[in-house]
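Inside the fold
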Amino acid sequence: MAEQNNVVTTQSKTMPKEQNKVFKDSVHGTIELHPLLVKIIDTPQFQRLRNIKQLGAVSYVYPGATHSRFEHSIGVAYLAGELLKAIREKQQDLGITDWDVLCVQIAALCHDLGHGPFSHMFDLMFIPEARRLKHEELSKKMIDHLMEKNDGLLKYMKDVRKKMTGEDRGDSDKTEELKNILKEDLDFIKNLIDPKHKRPPSNPSEKRYILYEIVSNERNKIDVDKWDYFARDCHYLGMKNSFDHERLIKSARACEVDGEWQICYRDKEVFNLYDMFYTRFSLHKRAYQHKVKNSIEWMITDAFLEADKHLSLSKAINNMEKYTQLTDDVFEKILNDSSGKLDDAKAILLRIHRRDIYSCLGELISQKSKEELQVSISVAGQLMWVVHDSSNVDNSAGLCFSNPSFTLTQ
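Source: prediction; values computed, not measured.

1. Concerning the pattern of salt bridges
Scanning the model with the defined rule gives 32 salt bridges in all. The salt bridge involving Asp194 is made with Lys140; its shortest N-O contact spans 3.5 Å. Pair noted here: Asp194 is in the loop between helix H10 (183–193) and helix H11 (224–237) and Lys140 is in helix H7 (residues 135–149), with a separation of 54 residues, a long-range link. For the pair Asp194 and Lys140, one class covers both residues: buried. Between Asp267 and Arg266 there is a salt bridge; the shortest N-O distance is 4.0 Å. We classify Asp267 as exposed; its relative accessible area is 63%. Residue class for Arg266 comes out partly exposed when judged on its relative accessible area of 45%. Here the salt bridges do not stand alone but share partners, grouping Arg161, Glu167, Arg169, Glu184 and Asp185 into one network.

2. A word on the environment of Glu137
Mapped onto the fold, Glu137 is located in helix H7. The exposure class assigned to Glu137 is partly exposed, which follows from its relative accessible area of 29%. Considered as a pair, Glu137 and Lys190 are 53 residues apart in the sequence and their alpha carbons are 9.0 Å apart.

3. Examining the nonpolar core
Trp227 and Ile300 are the most contacted members of the largest nonpolar core, which has 114 residues in total. With 11 residues, helix H4 (residues 69–90) is the largest single contributor of residues to this core. Once residues lying within four places of it in the same chain are set aside, the contact partners of Ile300 are Ala57, Phe118, Met121, Phe331, Leu349 and Ile352.

4. A look at the pairing of strand E3 (residues 253–257)
As paired strands, E3 and strand E4 (residues 260–264) are joined by five bridges and run antiparallel to one another. Among the inter-strand pairings, Ala254 is bridged to a residue of E4, identified as Ile263. Turn length for the E3-E4 hairpin, with the two strands adjacent in sequence and antiparallel, is two residues, and the turn residue Asp258 shows positive phi of about 55°.

5. Observations regarding the packing of H11 against helix H13 (residues 270–288)
Following both chains from N to C, one finds H11 and H13 inclined at 50°, their axes separated by 11 Å at the closest point. Put simply, H11 runs oblique to H13. Crossing geometry of H11 relative to H13 is assigned as left-handed. Facing H11, whose interface residues are Lys226, Trp227, Tyr229, Phe230, Asp233, Cys234 and Leu237, H13 presents Met276, Thr279, Arg280, Leu283, Ala287 and Tyr288. Of the residues assigned to the contact of H11 with H13, the class counts are nine nonpolar, one polar and three charged.

6. Digging into a nonpolar patch on the surface
On the surface, Val270, Phe271 and Tyr274 cluster together to form a nonpolar patch covering roughly 330 Å² of accessible area. Among the residues examined, Val270 registers a relative accessible area of 30% and is labelled partly exposed.

7. With respect to the packing of helix H14 (residues 291–311) against helix H17 (residues 343–353)
The contact between H14 and H17 brings their axes to 8 Å, and the two run at 165°. Judged on the interaxial angle alone, H17 and H14 are roughly antiparallel. Along this stretch, H14 crosses H17, giving a crossing that reads as left-handed. Residues Ile296, Met299, Ile300, Asp302, Ala303, Glu306 and Ala307 of H14 touch H17, and the partners they reach there are Asp344, Ala345, Ile348, Leu349, Arg351 and Ile352. Across the contact of H14 with H17, the residue classes break down as nine nonpolar, no polar and four charged.

8. So, unusual backbone geometry
In this structure, Asp258 is a non-glycine residue whose phi angle is positive, near 55°. Locating Asp258 in the fold gives a position in the loop between E3 and E4. Non-glycine residue Arg355 carries a positive phi angle of around 60°. Among the secondary structure elements, Arg355 is positioned in the loop between H17 and strand E5 (363–365).

Cut-offs applied
Residues numbered from 1 in each chain as written. Predicted model: local features only at pLDDT ≥ 70, side-chain atom pairs only at ≥ 80, totals over all residues. Heavy atoms only, no water. Salt bridge = Lys/Arg side-chain N within 4 Å of Asp/Glu carboxyl O. Helix = DSSP H or I, 4+ residues; strand = E, 2+ residues; numbered from the N terminus. Buried < 20%, exposed > 50% of the residue type's maximum accessible area, 1.4 Å probe, protein only. Core = buried A, V, L, I, M, F, W, Y, C linked by side-chain atoms within 4.5 Å. Contact = heavy atoms within 4.5 Å. Pairing = 2+ DSSP bridges. Axes fitted to C-alpha atoms, helices over the stretch in contact; angles between N-to-C directions. Parallel < 35°, antiparallel > 145°, perpendicular 65-115°, else oblique. Left-handed = near helix turned anticlockwise from the far one by under 90°. Nonpolar A, V, L, I, M, F, W, Y, C, P; charged D, E, K, R; others polar. Patch = residues over 30% accessible without salt bridge, like charges linked within 9 Å, V, L, I, M, F, W, Y side chains within 5 Å. Areas by Shrake-Rupley, 256 points an atom, 1.4 Å probe, with all protein chains shown as cover.

And the structure:
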């Protein structure tokens, strides 16, 4: 055994500096990623995604759905590279470079850095009640924080860029100067996460607008982010997924349609795309919007809002150092608190453990805003009471809004 260990050590020292890292993914099989992507993965800001469940409270309904944002982000980075390389191979006139591919993969890898505890529950339910901010905005802030706080990462990124493009923008070891050297590229990466239809840097060619449709496609929602979580979520939920993203990638082309360049697919892939949208519909109906999952997330949100008075969870989004430490673990932190300050929040979470969850009393679909609904049903809300003998919490009916509907819960 000692000899075998020595052999492995000797081989690792002689590995080429730029050798890709090989991963074994549960969905995509054996994949390779560029060393720059691996350096980003090996940072505290990215590693925190290990402790953020991809599907929030869905695991309370489907026990196997405990996968995290960590493996999803790696899968999206891989698929982004596969899609862009497939298009470039068949259409070299697009002018897509190796650096373009890597930038898109960085955006794909970092697109979920801004997620908080229990993923979308945090930014769609907790944050809107505490303060308004999209997780995409937090992802962009986290990218800046990640680049600043990890020694040598910006310099390594600059060196990789120089090697791939042949362009020398100067040299420096100072963080601020390196940020200025790479500003155009970092802005490009952040715009790929939250597209604003800006032209890629260093090349005004309209054809390269397709780069903005890889990670987050605002045009038709067909992008690699969804391809990965459809396959990954179905895998861990135990559901069938008839959508074949690998086949779709092989037929992808950049085409000019009505004066705009976009990613298109062969007409014979129409049924594959039908399967994609049906998979999305099915996942929402059977998992993402499951009534028990929604009830539990409302309870976790209520608990977090109670705890926010003492833990300042909502203020963490202003400080990326503190936000790096904010993961699903806050649930256990509240449950294990012995100070007495979090007793109200703790009582709500204990109800989840006892399966004493909120019950849906009624639902109203309306085009009115949340504020208009609050006014129109205020009288009715005051007249509705729920008696719950097994709980000491306030048993008046609560109004949980989720535009354009609201749900009465106990």
